[in-house]
Amino acid sequence: MEKMIDLNGKSYPVIPEVGTIQQLLEHLGLGDRILIVEKNKEILQKDHYDAPIMDRDQIEIIHFVGGG
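To start, this report covers the structure provided alongside it.

Definitions and cut-offs
- The residue numbers shown here count from 1 along each chain, following its written sequence.
- In view of the model being predicted, local features appear only for residues whose pLDDT reaches at least 70, and side-chain atom pairs are presented and counted only at 80 or more, with totals across whole chains, interfaces and linings using the full set of residues.
- Remark: hydrogens and water are excluded; side-chain values derive from all non-hydrogen atoms of the structure.
- Helix numbering and strand numbering both begin at the N terminus, where a helix is a DSSP run of H or I of at least 4 residues and a strand a DSSP run of E of at least 2.
- Only protein chains enter the accessibility calculation, which uses a 1.4 Å probe; a residue whose area is less than 20% of its type maximum is buried, one above 50% is exposed, and one in between is partly exposed.
- DSSP bridges decide pairing: two strands pair if at least two such bridges lie between them.
- In this analysis an axis means a line fitted to C-alpha atoms, helices contributing only their contacting stretch, and an angle means the value between N-to-C directions, from 0 to 180 degrees.
- By definition, no residue in a patch forms a salt bridge, and every one has over 30% relative accessible area; like charges are joined within 9 Å, nonpolar side chains (Val, Leu, Ile, Met, Phe, Trp, Tyr) within 5 Å.
- To measure how exposed things are, a 1.4 Å probe is used in the Shrake-Rupley method; for residues, cover is taken only from the protein chains shown.
- By definition, a salt bridge exists where a carboxyl oxygen of Asp or Glu is found within 4 Å of a side-chain nitrogen of Lys or Arg.

A look at unusual backbone geometry
Point 1. Of note in this structure, N8 is not a glycine but carries a positive phi near 50°.
Point 2. Within the secondary structure, N8 sits in the loop between β1 (3-7) and β2 (10-14).
Point 3. What makes N8 partly exposed here is its relative accessible area of 38%.

Considerations on the sheet that holds β1
Point 1. In spatial order, the strands read β2-β1-β5-β3-β4; together these five strands make up an open sheet with mixed pairing. If you trace the sheet from one side to the other, it starts and ends with β2 and β4 (42-44), each paired once. Taken over all neighbouring pairs, the strand axes of this sheet differ in orientation by 35° on average, direction set aside.
Point 2. Bridge count for β1 against β2 is five bridges, and the pairing is antiparallel. Residue pairing across strands places K3 opposite V14, the latter belonging to β2.

Here we look at a nonpolar patch on the surface
Point 1. Together, I34, I36, I43, I62 and F64 give the surface a local cluster of nonpolar side chains, amounting to about 530 Å² of exposed area.
Point 2. In this fold, F64 is placed in the segment after β5 (58-63).
Point 3. Using a relative accessible area of 53% as the deciding quantity, one classes F64 as exposed.

Quick word on the pairing of β5
Point 1. Note: β1 against β5, two bridges, orientation parallel. Residue L7 lies in a different strand from β5, and its bridge partner there is I59.
Point 2. Of the strand pairs in this sheet, strand β3 (residues 35-39) and β5 are connected by five bridges, and their pairing is antiparallel. The residue of β5 that forms the bridge with I36 is I62.

These figures capture arrangement, not role.
The following block contains the structure:
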């Protein structure tokens, strides 16, 4: 059964194979980027990306884009 989360302000279905923040980042193609991840209004340290994703979690992902 899919979980529904709020990802950057929009409803987003999470497939059953994605159970942690790290797996979500990999699924979104962001696994190797420098990021800030907030889960339910708390900033997560990278060593906590193994935190499980629960139905209705609020996830915010901010990644940096280089430019010049």
